[in-house]
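Chain by chain, the residues run as shown.
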Amino acid sequence: MALVTTKEMLLKAQKENYAVGAFNVENMEMVMAVVKAAEELNSPVIMQTTPSTVKYADVEYFLANAKVAAEKANVPVAMHLDHGNSFELAMKAFRAGYTSVMIDGSHSEFDENIAITKSVVDACHCAGVPVEAELGKVGGKEDDLDGGAGGYTDPAEAKEFVERTGVDSLAVAIGTAHGVYKGEPKLDIDRLAEIREVVDVPLVLHGTSGVPDETVSKCIERGICKVNYATDLRIAFSKGVKEYLSKDSEVIDPKKYNALGREYVKEYVKSKMLVCKSNNRA
Ligand code: 13P
């Protein structure tokens, strides 16, 4: 089927108390792996690309890959811009045909974050494309985006932010960070419940690679409807490629080693869809 937006997908998840996994893709094999995983589990799925990924190859390349994969599949697939870091990039993805856009103004002051978010919401909503924003700072480093030390989302501010921007979903900072964790992450789950009480749009968890599955489940019980995984997909793909190359150092056909990377990504994605409980929700 054609690409769908994240709007209905996340509202359905919110209503039925599960989450949709959002998986960062960086090449054709990862796109194929993520959609195949969704098909095997009859799950809705979101693919997303960061600014550095779309700098490596343009939004059109990734969108075209995602479109083909979605059209061949019989589960709902959305293509989302992850951490859009400027109005211009958000518009580039929107105009290209991304079916969901994040504008991340979390590094700016509250009013400035509201202003940039609202400008993207106003543009995207004209064509029915939903927008995700971030309030508070998810720590760690994702590609060339440095989340810094992190500052947790304040529930009262979250309420005001959603009301003033009209945003469709909100990424919250409750102690997760992008990249590889040094120890076990400690999440402020109570804060999540407090945010949920005053904010009615679907909430998004970033920096989920390395967060224990039981903790992710608790977050979903408290209102998380979209769960982002990136680092672990990179690790899975690279593991497959390295494993193949270590067994056959003479190989010159990229299809051979990429296929093992693709298989490992598919298995990883399936395991996380089960954590999100999005299987059989297509
Ligand atoms: P991880 O790299 O920690 O999985 O974070 C992914 C993410 O939040 C993408 O926005």
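The present account deals with the structure reproduced in this document. No experiment lies behind these values; they were computed from the predicted model shown.

## Focus on empty space enclosed by the protein
One pass over the full model with this rule turns up 2 cavities of 30 Å³ or more. When its volume is computed, the largest cavity comes out at roughly 90 Å³. Lining the largest cavity are 16 residues, with His178, Gly207, Thr208, Asn228 and Ala230 sitting closest to its centre. Tallied by class, residues from the lining of the largest cavity come to 3 nonpolar, 11 polar and 2 charged. In this structure, the second largest cavity encloses a volume near 50 Å³. Taken together, Thr6, Lys7, Leu10, Leu11, Pro130, Asp168, Ser169 and Pro202 make up the full set of residues lining the second largest cavity.

## Concerning the packing of helix H10 (residues 231-247) against helix H11 (residues 254-276)
Their axes nearest at 7 Å, the elements H10 and H11 cross at an angle of 145 degrees. By crossing handedness, the relation of H10 to H11 is classed as right-handed. Packed against H10, whose contacting residues are Asp232, Leu233, Ala236, Phe237, Lys239, Gly240, Val241, Glu243, Tyr244 and Leu245, the element H11 presents Lys256, Tyr257, Asn258, Leu260, Gly261, Arg262, Tyr264, Val265, Tyr268 and Val269 at the interface. Split into classes, the residues belonging to the contact of H10 with H11 amount to 12 nonpolar, 3 polar and 5 charged.

## Focus on H11
Three- or four-residue spacings in an α-helix give side chains the same orientation, since the helix completes a turn every 3.6 residues. Across its 23 residues, H11 extends 32 Å between first and last C-alpha, which sits within 8% of the 33 Å expected from 1.5 Å per residue. Residues of H11 that are buried sit in contact with strand S1 (20-24), helix H2 (28-41), strand S2 (45-49), helix H9 (213-221), strand S11 (224-229) and H10. Near the N-terminus of H11, the side chain that reaches the backbone nitrogen of Lys255, with its oxygen 2.9 Å away, is that of Asp253. A positive backbone phi angle near 60 degrees is found at Lys277, which sits one or two residues after H11.

## Considerations on the pattern of salt bridges
All told, the structure shown has 20 salt bridges when counted by the stated rule. Between Glu26 and Arg234 there is a salt bridge whose closest N-O contact spans 2.7 Å. Of this pair, Glu26 sits in the loop between S1 and H2 while Arg234 sits in helix H10, and the two are 208 residues apart along the sequence. With relative accessibility at 36%, the residue Arg234 sits in the partly exposed group. Within this structure, Lys36, Glu40, Glu263, Lys266, Glu267 and Lys270 form a network of salt bridges that share partners.

## Describing the packing of aromatic side chains
Inspection of the entire model under this criterion finds 3 aromatic pairs. The interplanar angle of 10 degrees and the centroid separation of 5.7 Å between the aromatic rings of Phe23 and Tyr229 together place this pair among those described as stacked. One end of the pair, Phe23, is in strand S1; the other, Tyr229, is in strand S11, with 206 residues separating them in the sequence. Each member of the pair, Phe23 as well as Tyr229, carries the same accessibility label: buried. Using a relative accessible area of 1% as the deciding quantity, one classes Tyr229 as buried. Through a chain of ring-to-ring contacts, three or more aromatic side chains come together here, namely Phe23, Tyr229 and Tyr268.

## Points about the site of the ligand
Taken together, 16 residues sit near the ligand, with Asp82, Gly207, Ser209, Ala230 and Thr231 positioned nearest. At 2.7 Å, a side-chain N or O of Asp82 approaches an oxygen atom of the ligand. Summarising the interface, the protein chains cover 99% of the accessible area of the ligand, which totals 300 Å² for the free molecule. Taking a 2 Å distance to the grid points as the criterion, the majority of the atoms of the ligand fall inside the largest cavity. Of all elements in the fold, only strand S3 (77-84), strand S9 (177-178) and S11 reach the threshold of two or more residues within the shell around the ligand. Among the residues forming the shell around the ligand, the class breakdown is 3 nonpolar, 11 polar and 2 charged.

The rules behind these values
Residues numbered from 1 in each chain as written. Predicted model: local features only at pLDDT ≥ 70, side-chain atom pairs only at ≥ 80, totals over all residues. Heavy atoms only, no water. 1 Å grid on protein atoms, 1.4 Å probe; cavity = no way out; pocket = protein on both sides within 12 Å on 5 of 7 lines; lining within 4 Å. Points joined across faces, edges and corners; volume = space filled by probe spheres on them. Nonpolar A, V, L, I, M, F, W, Y, C, P; charged D, E, K, R; others polar. Axes fitted to C-alpha atoms, helices over the stretch in contact; angles between N-to-C directions. Helix = DSSP H or I, 4+ residues; strand = E, 2+ residues; numbered from the N terminus. Left-handed = near helix turned anticlockwise from the far one by under 90°. Contact = heavy atoms within 4.5 Å. Expected span 1.5 Å × (residues − 1). Polar contact = N/O pair within 3.5 Å; in protein donor to acceptor, adjacent residues only side chain to side chain. Salt bridge = Lys/Arg side-chain N within 4 Å of Asp/Glu carboxyl O. Buried < 20%, exposed > 50% of the residue type's maximum accessible area, 1.4 Å probe, protein only. Phe/Tyr/Trp six-rings, centres within 6.5 Å; stacked < 30°, edge-to-face > 60°. Near = heavy atom within 4 Å. Areas by Shrake-Rupley, 256 points an atom, 1.4 Å probe, with all protein chains shown as cover. Sits in = over half its atoms within 2 Å of the grid points.

Nothing here speaks to function; it is all geometry.
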